[in-house]
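Summary of structural features
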Amino acid sequence: MDSVLKSENIAVERKNFIFDLRENPRGRFLRITEDANGRRDSIVIPAPGLEEFRRILDDMIAAHQQGGNPAS
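Scoring rules and cut-offs
Residues numbered from 1 in each chain as written. Predicted model: local features only at pLDDT ≥ 70, side-chain atom pairs only at ≥ 80, totals over all residues. Heavy atoms only, no water. Helix = DSSP H or I, 4+ residues; strand = E, 2+ residues; numbered from the N terminus. Rg over C-alpha atoms; globule rule 2.2 N^0.38 Å. Buried < 20%, exposed > 50% of the residue type's maximum accessible area, 1.4 Å probe, protein only. Contact = heavy atoms within 4.5 Å. Expected span 1.5 Å × (residues − 1). Salt bridge = Lys/Arg side-chain N within 4 Å of Asp/Glu carboxyl O. Pairing = 2+ DSSP bridges.

1. Description of the overall build of the chain
Secondary structure summary: the chain contains 1 helix and 4 strands in total. Sequence-ordered secondary structure for the chain, helices as α and strands as β, is β-β-β-β-α. Computed over the C-alpha atoms, the radius of gyration of the chain is 15 Å, more than 25% above the 11 Å expected from 2.2 N^0.38 for a compact globule of 72 residues. Across its three principal axes, the chain shows a C-alpha extent of roughly 45 × 30 × 15 Å. By the burial criterion, 15% of the 72 residues in the chain qualify as buried. Pairs at least 24 apart in sequence give 4% of the contacts found in the chain among residues at least 6 apart.

In structure tokens, the structure reads:
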């Protein structure tokens, strides 16, 4: 059984995102769930990959803020 260590929700346009930091006997992980009109999809990121995930997300945010070509 998973234990929830921390949980946060954000709403963006018509979507709700739930971030759950969880732990089970295999370790810690982040589950990100997208709820859009009752349809739910999730991804799970094992805790050892969170720093790399954040690095890439930071790069994506920086690219967005710079404008640039939307197709890049």
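2. Re helix 1 (residues 50-66)
In this model, helix 1 (17 residues) spans 24 Å end to end at C-alpha, consistent with the 24 Å of a helix rising 1.5 Å per residue. Phi for Gly 67, located one or two positions after helix 1, is positive at around 85 degrees.

3. Observations concerning the pattern of salt bridges
Evaluation of the coordinates by the stated rule reveals 10 salt bridges. We note a salt bridge from Asp 41 to Arg 39, for which the minimum N-O separation is 3.5 Å. Among the residues examined, Asp 41 registers a relative accessible area of 34% and is labelled partly exposed. The residue Arg 55 makes a salt bridge to Glu 52 at a minimum N-O spacing of 2.7 Å. Of this pair, Arg 55 and Glu 52 both sit in helix 1, 3 residues apart, which is roughly one turn of that helix.

4. What about the pairing of strand 4 (residues 39-46)?
Pairing analysis gives 8 bridges linking strand 3 (residues 27-36) to strand 4, with the strands arranged antiparallel. Bridge pairing in strand 4 links Phe 29 to Pro 46. Where strand 3 hands over to strand 4, the hairpin turn is made up of 2 residues, of which Asn 37 adopts a positive phi near 55 degrees.

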